[in-house]
Amino acid sequence: MGQITGIHHICIKTSSEDESSKVKSFYCDLLGLPIVRTWDQGFMFDTGNGLVEVFTNADSQLPQGVIRHFAFSVKDVDSIVNKVSKAGYEIFLGPKDILLGNNNPLPARIAFCHGPLGEDVEFFEEK
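Enquirer: Would you explain the pairing of strand E8 (residues 120-126) in this entry?
Expert: Along E8, 6 of the 7 residues are buried, which leaves the element largely enclosed by surrounding structure. Where strand E5 (residues 70-73) lies against E8, 4 bridges are found, and the strand directions are parallel. Bridging across to E8, Phe72 finds its partner in Phe123. Direction of pairing for strand E7 (residues 106-114) relative to E8: antiparallel, over a ladder of 7 bridges. The partner of His114 across the bridge, within E8, is Asp120. Where E7 folds back onto E8 in an antiparallel hairpin, the turn is made up of 5 residues, including Gly118, whose phi is positive at roughly 95°.

Enquirer: Explain the sheet that holds E5 here, please?
Expert: Across the sheet, 4 strands lie side by side as E5-E8-E7-E6; this open sheet has mixed pairing. Each edge of the open sheet is held by one strand with a lone partner, namely E5 and strand E6 (91-100). Averaged over all pairs of adjacent strands, the angle between their axes in this sheet comes to 25°, without regard to strand direction.

Enquirer: What am I meant to see in the pattern of salt bridges here?
Expert: If you walk through the whole model with that rule in mind, you get 4 salt bridges. One salt bridge connects Asp18 with Lys22, and the closest N-O pair in it is separated by 3.4 Å. Taken together, the residues span about one helical turn, with Asp18 and Lys22 both in helix H1 (residues 17-30) at a distance of 4 residues. On the basis of relative accessibility, which here comes to 45%, the residue Asp18 falls in the partly exposed class. Look at Lys22 and you get partly exposed, because its relative accessible area is 39%. Between Lys127 and Glu125 there is a salt bridge, and its shortest N-O distance comes to 3.5 Å. For Lys127, a relative accessible area of 55% puts it in the exposed group. Exposure remark for Glu125: the relative accessible area of 10% places this residue in the buried category.

What counts and what doesn't
- Residues numbered from 1 in each chain as written.
- Predicted model: local features only at pLDDT ≥ 70, side-chain atom pairs only at ≥ 80, totals over all residues.
- Heavy atoms only, no water.
- Buried < 20%, exposed > 50% of the residue type's maximum accessible area, 1.4 Å probe, protein only.
- Helix = DSSP H or I, 4+ residues; strand = E, 2+ residues; numbered from the N terminus.
- Pairing = 2+ DSSP bridges.
- Axes fitted to C-alpha atoms, helices over the stretch in contact; angles between N-to-C directions.
- Salt bridge = Lys/Arg side-chain N within 4 Å of Asp/Glu carboxyl O.

Right, here's the structure in full:
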């Protein structure tokens, strides 16, 4: 294996207290990710094998698409989709079964939702 061993963190920027509150509500309250670090202009959630870093100092709203999406490894896609959907977030793809790759394929079940700031969030369950 090379020098890269995995994803360390994904960064999101917010431009208002309202956006920061929505981010905390979605990732902490709804998805259950603990805040493990805070500083004057940000905080971090622990995903179990990586971090979601949130800066609260964006000058203005950032265009969606800077980060295409990020994926959380989950135990039960259908359960998390049900929870996220009931909380009013749009599930725009899935849940569905896929076979990723054609050389040593990886069977998985996936779904995507829009997060509180329009970011695309994938839920990824290896089968």
